[in-house]
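Per-entry structural report
For reference, the chains in residue letters:
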Amino acid sequence: MKQWKVVITDYIENDLNWEIEQFSKMDNVTFEHYQLKQSPKAELIEKIKDADIVVVNMATFDPEVIGAMEKCQLLIRHGIGYDNVNVPACTKNKIRFSYQPDYCATEVAEQAVSLIMCCARKLFASLEVLKDAAQTQIWNFAPMGEVHRMFGQTLGVIGCGRIGGRVVRMMQSFGMKIMVCDPYLDERQKGALGIDQTYDLETVLREADIITMHTPLNDDTRHMIDEPQLKMMKKSAILVNTSRGGVINTEALAKALNEGWIAGAGIDVYEVEPPPPDMPLFGAPNATLSAHIGWMSVEAGWDIRYKIMDDIKACMAGQAPANTVNKELDGMLGGKVYREV
Ligand SMILES: NC(=O)c1ccc[n+]([C@@H]2O[C@H](COP(=O)([O-])OP(=O)(O)OC[C@H]3O[C@@H](n4cnc5c(N)ncnc54)[C@H](O)[C@@H]3O)[C@@H](O)[C@H]2O)c1
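First, a word on what this report is: a plain description of the structure on this page. (Residues numbered from 1 in each chain as written. Predicted model: local features only at pLDDT ≥ 70, side-chain atom pairs only at ≥ 80, totals over all residues. Heavy atoms only, no water.)

**Regarding unusual backbone geometry**
- Residue E273 is joined to P274 through a cis peptide bond whose omega torsion reads -10 degrees.
- Examined against the element boundaries, P274 turns out to sit in the loop between strand 10 (264–267) and strand 11 (287–289).
- Positive phi, normally seen in glycine, also occurs at K122, with a value near 50 degrees.
- Assignment of secondary structure puts K122 in the loop between helix 5 (105–120) and helix 6 (123–136).
- Judged by its relative accessible area of 17%, K122 falls in the buried class.
- A positive phi angle, near 60 degrees, is found at N286, a position not held by glycine.
- Within the fold, N286 resides in the loop between strand 10 and strand 11. (Helix = DSSP H or I, 4+ residues; strand = E, 2+ residues; numbered from the N terminus. Buried < 20%, exposed > 50% of the residue type's maximum accessible area, 1.4 Å probe, protein only.)

Structure, rendered in structure tokens:
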């Protein structure tokens with residue numbers, strides 16, 4: 001019977017007791033788990049070079065790391081985005097790369113809606129007013145500035161896939177006009193969302209009152225919101241980002257908030273994670289910041305663990321995982337599901 005080595009390079013769960021229990025029931029599996037996200041590349045390579053199946057959360061899998069995996073048949077990303085994995089290098093080395101695109105989309109959409117609401121209703125500013133009033137016994141709402149009714153305003157959705165689409169559906173009930181910017185949306189997807197047209201980025205930036213980002217991070221989207229784009233937005237606009245930190249230039253956003261180019265921002269994701277203590281958004285006015293928790297819920301946490309275990313078991317049975325990223329491998333492997341090692 002083939003012996004399998006399964007390695008988890010880094011994880012966000014409190015513990016991996018469930019995985020340890022599952023693998024302990026399989027005679028043919030050696031299971032190792034680490035927290036190698038911040039570790040030197042040489043240490044990461046040392047731990048995975050003879051693994052058959054590797055699960056990664058945030059550790060960086062560049063061409064050197066991927067090339068060092070002598071036996072790996074399946075690399076699984078624990079999550080939706082996979083900008084920490086060099087997919088062409090996986091394909092070149094005939095390593096199937098899978099991810100979990102269907103997990104936590106509802107949670108991230110709920111996070112985006114929470115940040116939209118929090119910014120629009122100025123909840124954190126109102127806490128300061130409340131604390132001040134408790135001391136003075138006088139309500140002083142002046143520090144809150146203007147609060148606008150969301151009903152009748154325009155919501156701009158940049159990127160309208162699994163998460164953006166859910167945000168559209170959730171926000172349609174708010175009586176907002178919705179403008180979607182997604183050049184890749186087909187007629188079927190538009191029909192399912194009840195959208196008759198999409199708009200270019202500049203039109204959405206100029207016309208929307210609240211803008212929410214839901215694109216992947218790639219060469220096209222990196223810093224797609226920079227100084228010029230922030231200057232196009234209304235002074236009363238709110239910008240929300242639950243996608244990836246790199247789609248917005250952090251320095252430019254801090255400048256926009258400090259100088260009043262826009263009215264507020266709700267941010268869940270950062271260019272460097274965790275951010276350094278002097279990350280400029282910490283000191284910026286009207287910045288509502290959360291700790292990259294869009295994915296977080298008990299339900300989503302179990303969902304992804306079950307899905308990853310299903311992918312591992314599929315691989316051991318010679319079957320493909322649920323979601324292969326480098327589908328071109330199917331043609332390159334000559335009818336086989338995994339590379340020969
Ligand atoms: N905050 C969190 O905890 C968290 C959790 C999961 C995912 N995410 C992030 O959310 C983002 C969206 O995930 P998803 O599952 O909805 O992805 P998806 O692939 O389903 O949707 C992305 C959409 O963006 C569109 N798009 C691509 N390039 C674009 C561009 N230049 N302009 C406009 N639209 C563009 C695509 O056509 C697609 O419809 C990703 O960046 C992902 O990493 C964040």
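**Examining the packing of helix 1 (residues 17–24) against helix 12 (residues 298–316)**
- Contact geometry for helix 1 and helix 12: axes closest at 11 Å, N-to-C directions at 25 degrees. The angle between helix 1 and helix 12 falls in the class roughly parallel. Here the hand of the crossing between helix 1 and helix 12 comes out right-handed. Here helix 1 contributes N17, W18, E19, Q22 and F23 to the contact with helix 12, which in turn contributes W302, R305, Y306, M309, I312 and K313.
- Taken together, the residues that form the contact of helix 1 with helix 12 break down as six nonpolar, two polar and three charged. (Axes fitted to C-alpha atoms, helices over the stretch in contact; angles between N-to-C directions. Parallel < 35°, antiparallel > 145°, perpendicular 65-115°, else oblique. Left-handed = near helix turned anticlockwise from the far one by under 90°. Contact = heavy atoms within 4.5 Å. Nonpolar A, V, L, I, M, F, W, Y, C, P; charged D, E, K, R; others polar.)

**A word on helix 2 (residues 41–48)**
- For helix 2, the full list of buried residues reads L44, I45 and I48. End-on view of helix 2: buried residues confined to an arc of 95 degrees, all on one side of the axis.
- On its buried face, helix 2 is in contact with strand 1 (4–8), strand 3 (53–56) and helix 3 (63–67). (Arc of directions from axis to C-beta.)

**Here's the deal with the pairing of strand 6 (residues 154–158)**
- The element strand 6 is largely enclosed, with a buried count of five among its five residues.
- Here strand 6 shows no split at all, with T154, G156 and I158 on one side and L155 and V157 on the other all buried.
- Bridging between strand 6 and strand 7 (residues 177–181) involves five bridges; their strand directions are parallel. Looking across to strand 7, one finds that T154 is bridged to K177. (Pairing = 2+ DSSP bridges.)

**Looking at the pattern of salt bridges**
- Following the criterion strictly, the structure yields 19 salt bridges and no others.
- The partner of E227 in a salt bridge is K255, with the nearest N and O atoms 3.1 Å apart. Of the two residues, E227 is situated in helix 10 (residues 227–232) and K255 in helix 11 (residues 250–258); the sequence distance between them amounts to 28 residues.
- A relative accessible area of 24% means that E227 is categorised as partly exposed.
- Note that K336 and E340 form a salt bridge whose closest N and O atoms lie 3.8 Å from each other.
- Several salt bridges converge on common partners, so that one network encompasses K2, D52 and K71. (Salt bridge = Lys/Arg side-chain N within 4 Å of Asp/Glu carboxyl O.)

Read these as geometric descriptors, not functional statements.
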